[in-house]
Structure formats: structure tokens, C-alpha cells
Amino acid sequence: MTANDVMAIVSENVFSVWFLIGAALVFWMQAGFAMVEAGFTRAKNAGNILMKNLMDFCIGTVMFILIGYSLLLGEDFMGFLGKPGFDVITNYANFDFSGFVFNLVFCATTATIVSGAMAERTKFLSYCVYSAVISAFIYPIEAHWIWGGGWLAQMGFHDFAGSCAIHMVGGTCALIGAKILGPRIGKFSTDRNGKVTKVNAIPGHNLPIGALGCFILWLGWYGFNGAAATTVPQLGSIFLTTTVAPAVATVVCMIFTWVKYGAPDVSMCLNASLAGLVAITAPCDVTDCVGAAVIGAVAGVLVVFGVWLLDYKLHVDDPVGAVAVHFMNGIWGTIAVGLFATNTAPESGLVGLFYGGGFKLLGIQLVGLISVMAWAAITITISFFVIKAVIGLRVEEEEEILGLDITEHDLASAYADFALASNINNFSSGISAELPENAVPVDDAVPVQVRTAAPTATDSDVPLTKITIYAKQSRFDALNEAMTKIGITGMTVTNVLGCGVQHGRVSKYRGVEMDMNLIPKIQVDIVVAKTDPQKVIDAAKKALYTGHAGDGKIFVYNVSNAIRISSGAEGTEALENYYW
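Not measured: the values here are computed from a predicted model. (Residues numbered from 1 in each chain as written. Predicted model: local features only at pLDDT ≥ 70, side-chain atom pairs only at ≥ 80, totals over all residues. Heavy atoms only, no water.)

**With respect to the overall build of the protein**
1) Next: When helices and strands are tallied, the protein shows 19 helices and eleven strands.
2) Next: Within the protein, buried positions represent 51% of all 580 residues.
3) Next: Contacts in the protein between residues far apart in sequence, at least 24 positions, make up 78% of those at least 6 positions apart.
4) Next: Of the accessible surface of the protein, which amounts to about 26,100 Å², a share of 64% is contributed by carbon and sulfur atoms. (Helix = DSSP H or I, 4+ residues; strand = E, 2+ residues; numbered from the N terminus. Buried < 20%, exposed > 50% of the residue type's maximum accessible area, 1.4 Å probe, protein only. Contact = heavy atoms within 4.5 Å. Areas by Shrake-Rupley, 256 points an atom, 1.4 Å probe, with all protein chains shown as cover.)

As C-alpha cells, this is what we get:
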């Protein structure tokens, strides 16, 4: 055995292991999809979204064992599908274990894309059914055309990691599903004839979680695109293009939204990173750095256009931007192969239009794109209408308003222990020594209003006063410290939403104007008997005052009586050494 033979064996084994590591990275992307979808939607549906992202992989695994794998990679039948079989059960000793796992995790990705576009109003049972259909039939058959030796593979169609087979197909299902399902309650305002008159923003509840999901997906994409590499130079080139395209897409999106909307849009830039990744998925192995940069730049603009198109023209409600990211950029990535393929990329024998290869490859890509899109559109439309007729597709209006966590899963909240915490936004608890030049008077910044009530027969002998303070969340630590210094240790603190006469301000979320009428505040309730109320008021005003209108507001009430439930003590005794 020669040294070259040894190196060949080592290389084969190394890449076999990398193949499985890549599959594990793609599986980890399920967590990324779950975090992006949960973060971009409302808290009342977070548990439902986590459950869907868990179950589409688990249900997909079952369906892949039963039928999906054989339809994808079974013996080719007329170039259309693989012959159904149960080799995973009947011939396990000779079964391709690695190939099964690798193709399974890709299949699950196709199904989970649909979840985001149909979030917050889909029946969980219906989701399980159409997820099973996608994993069992829709994805395996079209993937066979491309990767299983089917008619597109024979024609020379190129989709290295799935811009078309996975993302465009998932995006097609997402677009049709969201259209059939209809928008979430409150997304669009309509006139009496049903014509849309206004698009309303419904912000996601947790952008940090959405950002975490984006980074998880980006990490997983190195396995998504690179797992099938067969040489080190090819793997390195794939990693390069998989890095350049999303990075450029995000920069372009940041600049574009900054110019168009007046500020760089956070959620849109997160979508742009994913859009760049989707677009480079098909040509990642056949393009170079310049091609990847151009592909990413187009993706960065295309995702913004896609979100706008769905909101303002098609009136399709897609809470997470799945259609703009996966459908539109899946199309773009598939076409990009025919434009930017170059034989200077390692192991590439393809040359696209912009590198002197003519229109042949581009034509093949367009034929494959249209064929796969037609297959996905027809089969998923039939599936959705059957599901809608048999078990229903959408939850009832009351269920949607309450949230799918409680109505579908009997889960009161995905954040059961969520409570106001100290050090909100990590602001210093100290009082700022500097005031703005145009500082408003403290009595205007923190006005005090006194409310009195007529005495009743149950009045306490000792006068009690309730002081309710509304303030910015960032000033809680300063207020708490000020109260402690004057001996106030008992208070009730609540997160609230509200505004004064200024009615907040207008901002934009994903390009949609959003009236910020309700601003997050804290409400602090303090009842005092022996402490002079004016002392509390003065301390609160000093702690809250920054010189700006809207620093807070204080209300003062006479309290007839206070009763401690545990002991029956009343009046001032009820307030002594009490705990909430």
C-alpha cells in the first residue's frame, strides 16, 4: 500500500466523520428556528412554537422511516421517485446509516420553515398533519429529482445544499399556507368592504432570543452547506462563501433600512443574515468570493422587498419573514448558480452566464426551479384544503386572542416565573448630577395629584395614605434606594403600559409604522401611616427627576383602612413588618 493509498483512506474516513458532524450541526438548526420564531412572535404563543419545532423533527423522523427515505433515495423509478421500501428495517446490516441521518435533518428543515409564516393562529393538530405530509411525500419526491438520481439530476440541475429543494419548497408551502390561513387578528385594518386600509405592526416579544436563533442558524449552516464537501479546498471555499454572503447581505440591509426607514432595523437585519445564507446554499460550492458578495448584496435588499410586498401588496401575514427569507431567496439562490458558477472554485466544473458559460446552465436552473415550485404549490394546496375541510386549519378567534399556549397546550405561560427584576437595563441606581440645559421644573416632570375619599364607618383611627408612583423602568433602582433611606421597606411594584398627553411617538417595526402609544412603565404602590407622606413624595420626586417631561407621575390617596388577612390586624398594625 502506497502513501497515497493511505492518505486516500484517511481522507475518506475523515470526511465520513465530518459528514455526520455536519448532520448534527443541521439538527442543531432546529433550535435556531425555534428561537427565531419564538422571539419574533408574542409571548402568549411561545410554548406552542417550541412544541411545533420539536414535533416537526420527531414526526418527520417517523415519516422518513416509513416512506420518506425510500422515496428520496430508493431505486430510481422513471426519474420521478425512489421505489418505496423498508431497508432500514429489513436490511439494517447493509443500510446507509449516515445517509439516512443526513437526509433526515434536511427534511425536518423544510417542514419547520412553514411553521413561522403560519404562527400564532394555526391548530396544533393541523400543523402536525401537514408537517407529516411534507416530510413523507412533498419533500422526498422533489428532492429525489435533484439528489436521488431523478430527472433534474440527469439534466444537470445544480442545488448543492438546498436553496431550491429545501428553502424554496418550504417557502412556497409557507406562502400558500399563510394565504389560506389568513392574517392574525389586528394585522390589517379594513373598511366595511373588507379592503385593507392600514398595515399594523405586531412586534415580536423577545428580539434577543431571535438574535440567538439567528446565530445558531448561521453556525449550523456551515454543516448545512459544508457537510457534503469531499476535499479540504472545497470545504474551505464553501465556508468562505457561506460567511461572505450573509455578512454582505446584513450590511446592505442595514444601510438600506437606515436610508429607507430612518434607522437600521434590527429584526430585518437578522432576517437579512438568514436570507444571505439561503441564497448562497445552492451555489456555495461553485461560486467565488466576488460571486458570494453579489449574491449576498441582492439578498439583503430582496428580503426587505419581500417583507414589504407581503404586507402592503399581497396582504399575507408572515410573522417571522419566512417567505421573504426562504421563498424569495431560495429562488434567487437557485438562479444564482446559473449566473455566478465558476470553474475556479475547487471541484467545480460549472460555468455560469457571468463567467462566460452562456445561458445553458441558467436555463436548466430555471426549468428545475419552476418544476419544483409547481410540485410544491400543487401538493401543499391540496393538503391544506383537505386539512381545512376535515379538521380545520385555524383556531377560533377567542383561542387566538388568549394565545395558543393556554388553549392548545394548557400552558398558562412559557414564562411562568417572569417578574420585575432589579437593575433593569443596568442603569445606575444613583441620581444623575447633570441636567439638560432645557430641563423642565421638577413639579412638571413629576407632577403630584391628591385624591381624597369620604370617611366611612370602618375607617381606621390612624390616617393612612396610599402613594402610587408611575415611573420609567430604568429609575426603579434609584427610587427603591431613596425609599429605603427614609425607612420605606414595603411596596408593591408592577409592570404597566401607559402614556401621558404626549401619546408616545411613532416608530417603525419591519418597515411598518407603529404608534408607540403605550410605553412600558413601573407602578409602585406604597401605603404609609407613621411616615409623613410628603417625605415620601419629596424623596420620590428627587429620585425620579432627570429634567425631562415624562419622568413620572405621583398620585396620593386617603385610605379608609388596611386589614392584614393573616392576623386580622387593622390600620397601622396591619402595615407593621408586613411582607408581600
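**Here we look at the side chain of Ser115**
1) Next: Looking at the element boundaries, Ser115 is found in helix 4 (residues 97–117).
2) Next: Assessed through its relative accessible area of 0%, Ser115 is described here as buried.
3) Next: When neighbours within four sequence positions are excluded, Ser115 is seen to be in contact with Glu37, Lys52, Asn53, Tyr127 and Tyr130.

**Here's the deal with the packing of aromatic side chains**
1) Next: What the rule picks out here adds up to 25 aromatic pairs.
2) Next: Here the aromatic rings of Trp18 and Phe239 are separated by 6.1 Å at their centres, their planes lie at 55 degrees, and the arrangement is tilted. Residue Trp18 is found in helix 1 (residues 3–39), and its partner Phe239 is found in helix 9 (residues 232–261); the two are separated by 221 residues along the sequence.
3) Next: Residue Trp18 is classed as buried on the basis of its relative accessible area of 14%.
4) Next: Ring geometry for Phe80 against Trp375: centres 5.8 Å apart, planes inclined by 85 degrees, an arrangement best described as edge-to-face. A residue pair is termed long-range when its members are at least 10 positions apart, and Phe80 in the loop between strand 1 (76–77) and strand 2 (81–82) and Trp375 in helix 13 (residues 360–390) qualify at 295 residues. (Phe/Tyr/Trp six-rings, centres within 6.5 Å; stacked < 30°, edge-to-face > 60°.)

**Section: the packing of helix 7 (residues 163–181) against helix 13**
1) Next: Interhelical geometry of helix 7 versus helix 13 gives an angle of 40 degrees and a closest axis separation of 9 Å. Taken together, the axes of helix 7 and helix 13 are oblique relative to one another. Taken as a pair, helix 7 and helix 13 cross one another with a handedness that is right-handed. Between helix 7 and helix 13, the residues in contact are Cys164, Met168, Val169, Thr172, Cys173, Ile176, Gly177 and Ile180 and Gly368, Leu369, Val372, Met373, Ala376, Ala377, Ile380, Thr381, Phe384, Phe385 and Lys388, respectively.
2) Next: Tallied by class, residues from the contact of helix 7 with helix 13 come to 14 nonpolar, four polar and one charged. (Axes fitted to C-alpha atoms, helices over the stretch in contact; angles between N-to-C directions. Parallel < 35°, antiparallel > 145°, perpendicular 65-115°, else oblique. Left-handed = near helix turned anticlockwise from the far one by under 90°. Nonpolar A, V, L, I, M, F, W, Y, C, P; charged D, E, K, R; others polar.)

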